[in-house]
Protein chains: 2
Amino acid sequence: MEVIKGGSILSPQGFRAGFSRCGIKTAQGKPDVALILSDTPAAGAGVFTTNRFAAAPVQWDRSVLPSDEMRAVVVNSGNANACTGEKGMRNARETAGLVAELVGCRAEQVAVSSTGIIGHQLPMDRLLAGVRAAHAALSRDEAAARGAEQAIMTTDTCPKACAVEGEIEGRAFRIGGMTKGAGMIAPNMATMLAFITADVHIPAGRLSEILASAAELTFNRITVDGDSSTNDTVLALASGASGAVVPEVGPGREAFEQALSHVMRDLSLQIVRDGEGATKLVEVKVEGARTAEAAETVARAVAESQLVKCAIHGGDPNWGRILCAAGYCGVELEPLKVELKIGGVTVFKDGLPTGADAAAAVAGPEVKVHLNLGVGRAAATVWTCDLSKQYIEINAEYHT
Amino acid sequence: MEVIKGGSILSPQGFRAGFSRCGIKTAQGKPDVALILSDTPAAGAGVFTTNRFAAAPVQWDRSVLPSDEMRAVVVNSGNANACTGEKGMRNARETAGLVAELVGCRAEQVAVSSTGIIGHQLPMDRLLAGVRAAHAALSRDEAAARGAEQAIMTTDTCPKACAVEGEIEGRAFRIGGMTKGAGMIAPNMATMLAFITADVHIPAGRLSEILASAAELTFNRITVDGDSSTNDTVLALASGASGAVVPEVGPGREAFEQALSHVMRDLSLQIVRDGEGATKLVEVKVEGARTAEAAETVARAVAESQLVKCAIHGGDPNWGRILCAAGYCGVELEPLKVELKIGGVTVFKDGLPTGADAAAAVAGPEVKVHLNLGVGRAAATVWTCDLSKQYIEINAEYHT
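Note that the structure is predicted; figures quoted are calculated from it, not measured.

(A) Fine view of the packing of helix 8 (residues 306–313) of chain B against helix 9 (residues 319–328) of chain B. Residues and elements named next belong to chain B. It is the contact of helix 8 with helix 9, at a shortest axis distance of 9 Å, that shows an interaxial angle of 160°. Here helix 8 is positioned roughly antiparallel relative to helix 9, judged by the angle of their axes. Here helix 8 runs over helix 9; the crossing is left-handed. Residues Leu-307, Val-308 and Ala-311 of helix 8 form the contact with helix 9, whose participating residues are Arg-321, Ile-322 and Ala-325. Grouping the amino acids of the contact of helix 8 with helix 9 by side-chain chemistry returns five nonpolar, no polar and one charged.

And the structure:
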C-alpha cells in the first residue's frame, strides 16, 4: 500500500466533485456546498453519531444506507439542520431530491450531510441554488477536490485530505478521503464529517461492515473535548471503476481493510492536530490490560482528563494526573504492576515514581503516553490534543 | 433546623481542635496541620475516593472505619502521601500512632488525611513536630476552628465551614463541618476533603449508612472538572455529647439526616463556587426521567461538558450544547418531549428552539439549567462551575 502524495477524494476512478458558494456559511463567499458524484451506481455505507438529537440529514442517510445504488453525496456547511423538527427533515429530503433530478436518479440514491449552527432552518433558496451551481461545476480536476475540501470546513484552520493506492490480485485500487472537525463538536459549528471514495467493487453490506470496524479504531478513538455532536458522519462510496474486487475473506479483503484504515487514521489525526486551540498531538496507548474494553476505557479516561491535557499544554510530564485518571475510570488496576512511560521515559514503576525526567518528551508537538497495566495482553490507543486557553476563547466567546 | 451563623466543627459539643505550621505546605509558615479531638470515644464513619490509586491515609482510614471508638482525626496539607508505596503506609500509621500516644488511645482510634503533592514521601520529622504542636494547642476557641479550616486548604482561595442546629425529641443537637477542594482535584494539590462533627449519639454503622446516602446527593453531585482524586475523603465523628440520640427509624433519624445533608450540601457548593478559575455556580437539574440513574447520567453529562461550561463562562445561553450533551450520554431520549429552561426561560420545546432570549439568565453568578425529559418522574441535580481561561492557567502552569 502506498500513500498518494496530494491525493484526494478524486484519486479513485469513477468520481467527480463540485463545489459552490451559496452564502450560508459566510456572506464573504467562502465555498459552502460540496457535491461528490459517482458516475455509476456505487456501494454506499455510513457510520453515524449515536447522539439522540441526531440531525435531519443523519436521519435521512440512516434511512437510505447501506445501498448498492448510491450516486451522490451533497454537503453544506454553516447550518447543521439539527433540532429543526419536521421541516428540517423535509429540507434534507428536498436537497437530495434536487441532486437526484440533476443527475437522473432517485432521491434515495443521494446522501446528505450538514454542519454548522444548530436550531436554524436551512435557507433553502440559497442552498438549492448552491446545489445547482455545484452540479454545474462537477469535474475530475484537482481544483474540484480542493474546493470540496474547503466547502465542508467550519472552524477548521486547514483542509484535510488523504489517499492511498493498494492492490488486490494484481489490480490496483485507490481510496481517497476528506474530513472536517476541528473541535469534535465545535461550538454550534458542530460536527465531524468524513467522506471516503474508493474504486473497488464491493457489496454495500461488506463495505458497511468494514467501514464500521475501521471507524471503531480511528474516528471513534480520537477526542478533542469528549463531546460528540448531533451530526457526526463518516460516509463511504465505492464505484468499482478500478476493476479490483474486495472478496468476502482473504488477502484481498485485508488489503482493502488496511488501506481504508490508513486513510481513516490519517484523516482522524489531522482532525486532532487541528483541534480547537490545540498545539500538541497526544497518543495515549494502554497495553497489558485484561480486555480490549478495559484498555480503551483507561486510554479514554487519560485522553479526556482536563488536568492531563492542561499539564501537557504546559509542557509538564505530570505522571500523577495520568495515573489519577487511570485510577478513577472504574477499571480494576493493580497499582504495583502499572508502568508508565512518557515519550519512552519510564516515570512510574513498582508503585513508585522513578524520578526520571520526562520534560523533553512533552516539549514537542507530538507526545506519547504509554501505560502498561501489567495484568493481561489487551491494548488500545486513543489520540487527543492538549487543552489551551485558546480553546476557552474559541468556545466562550462564540455566541449563538 | 437552623443554620448557625459563623458555625464550625466546634459548634457541636465534645470536640476540640488544634492546628500548627510545620512547613510542609509552604516555607512561609501557613497552617498545614489540623487535629480534631473528641473528648470521649465517638462514632466515626467515612466515605472515600473510588480511585484505584487510593492514597495511604485513605487505605488506613478504610481499615479503621466505621468504629464506635474514634478519638481523633489528624490532617496535613502540602503532601498527599499518595503513590508512596509501603513507606507511605508506614508513615500514615506512624502519624496516627503519635496522636494516639498524645491523647492516650490506640492508633486505630485515629483517622488520618493528607492532601497536596503526589509521589513524594512525607517529611516525617516536620510532620510529627507539627502534630505535637497542634495537640499542645487543642482548644474550643473559635480561633482553633478557623486555624484548622486554613490548615487543610491547598489551592482554595477561602476557608469553608458550615454548622446547623436541629432537635430530636426535644433535645438540641448540632452538626458542624469544614471542607477543602477548589479544583475537585487541583493540579497535584489533589483532593476534596471534608470533616464533619456532630454531638448526637449514634452507632457507627448507622452513621456510616446515613453519611454515604448524604454524600451521594451532595459531594458526589458536584463536579469541577470530572477528575476524582486519589485522596477524596469525607469523615464524620459523632460525640454523643448533646444527649440527643439518633434512632434507627422515624422523625429523629430524619431530623439528623436532613441536618447532615444541609451541612454537606452547603460545603459542597462552597467547593464548586471556589472551583479553580470559576466565576459562576451552575445547577443542572434533570426531571421527567424514567429512572433516577438516567436523570443523574444526563445531569452529569451536561455538567461535565466543556462546551457547556465554556458557553456559560462567556454568558451564552447556548441551548444547542446543552441538548447535545444530553443527547450523547447514552440515555434514551425522545427529542420531541424534551423541554429545556435556562433560569426559568423555556428555550427548547416540542423539538424546536422557542426563540426566547435567556441571556440574562446566564449573566449572573448563579445559573440554573433545568431539563425535563418528559418520559417519567425521576429527577437528579448536579452542581458545577464554568470553565475559564484561568482554569487552564492554574493547571497548565503548575509544574511537578
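Still more ground to cover, so stick around.
(B) Up close: helix 7 (residues 292–304) of chain A. Residue and element names in this part refer to chain A. Compared with an ideal rise of 1.5 Å per residue, which puts 13 residues at 18 Å, helix 7 spans 18 Å between its outermost C-alpha atoms and is within 8% of the ideal. A large share of helix 7 lies buried, amounting to 10 of its 13 residues. Every buried residue of helix 7 is listed here: Ala-294, Ala-295, Glu-296, Val-298, Ala-299, Arg-300, Ala-301, Val-302, Ala-303 and Glu-304. Against the buried residues of helix 7 lie strand 9 (222–223), strand 11 (281–289), helix 8 (306–313), helix 9 (319–328), strand 15 (366–372) and strand 16 (378–385).

(C) Region of the structure containing the domain arrangement of chain A. Residues and elements named next belong to chain A. Domain boundaries assigned for chain A yield domain 1 (2–273) and domain 2 (281–396). Spacing between the C-alpha centres of domain 1 and domain 2 amounts to 32 Å. In this assembly, 11 residues from domain 1 lie in contact with 11 residues from domain 2. Secondary structure elements with two or more residues in the side of domain 1 that touches domain 2: strand 9 and helix 6 (251–273).

(D) Quick look at the sheet that holds strand 12 (residues 339–342) of chain A. Residue and element names in this part refer to chain A. Pairing is mixed across the open sheet formed by seven strands, whose spatial order is 9-16-11-15-12-13-14. Looking along the sheet, the strands with just one partner apiece sit at the ends: strand 9 and strand 14 (352–353). Where strand 11 and strand 15 come together, seven bridges link them in parallel fashion. In the sheet register, Val-286 faces strand 15, and the bridge partner there is Leu-371. With respect to the sheet, helix 6 is in contact with strand 9, strand 11 and strand 16, its orientation differing from that of strand 16 by roughly 45°.

(E) Layout of helix 2 (residues 85–103) of chain A. Residues and elements named next belong to chain A. End to end, helix 2 covers 28 Å across 19 residues, agreeing with the expected 27 Å (1.5 Å per residue, within 8%). When helix 2 is considered as a whole, its buried residues turn out to be Gly-88, Asn-91, Ala-92, Thr-95, Ala-96, Leu-98 and Val-99. Projected down its long axis, helix 2 shows its buried positions confined to an angular sector of 150°, all on one face. Among the structural elements, strand 3 (33–48), helix 1 (56–64), strand 4 (67–79), strand 5 (110–117) and helix 3 (124–136) are those in contact with the buried residues of helix 2. Gly-104, located one to two residues past helix 2, shows a positive phi value of around 80°.

(F) Expanded view of the pairing of strand 10 (residues 233–238) of chain B. Residues and elements named next belong to chain B. Among the six residues in strand 10, six count as buried, and that is most of the element. A two-sided burial pattern is seen for strand 10, the buried positions comprising Thr-233, Leu-235 and Leu-237 on one face and Val-234, Ala-236 and Ala-238 on the other. Note: strand 3 (residues 33–48) against strand 10, six bridges, orientation antiparallel. If you follow Phe-48 over to strand 10, its bridge partner there is Thr-233. Two elements, strand 8 (residues 193–198) and strand 10, share six bridges in a ladder whose sense is parallel. Considered in strand 10, the bridge of Leu-193 is made with Thr-233.

The rules behind each value
- Residues numbered from 1 in each chain as written.
- Chains lettered and ligands numbered in written order.
- Predicted model: local features only at pLDDT ≥ 70, side-chain atom pairs only at ≥ 80, totals over all residues.
- Axes fitted to C-alpha atoms, helices over the stretch in contact; angles between N-to-C directions.
- Helix = DSSP H or I, 4+ residues; strand = E, 2+ residues; numbered from the N terminus.
- Parallel < 35°, antiparallel > 145°, perpendicular 65-115°, else oblique.
- Left-handed = near helix turned anticlockwise from the far one by under 90°.
- Contact = placed C-beta atoms within 7 Å.
- Nonpolar A, V, L, I, M, F, W, Y, C, P; charged D, E, K, R; others polar.
- Expected span 1.5 Å × (residues − 1).
- Buried ≥ 20, exposed ≤ 12 C-beta atoms within 10 Å, placed from the backbone.
- Domains from an automatic or database assignment.
- Pairing = 2+ DSSP bridges.
- Arc of directions from axis to C-beta.

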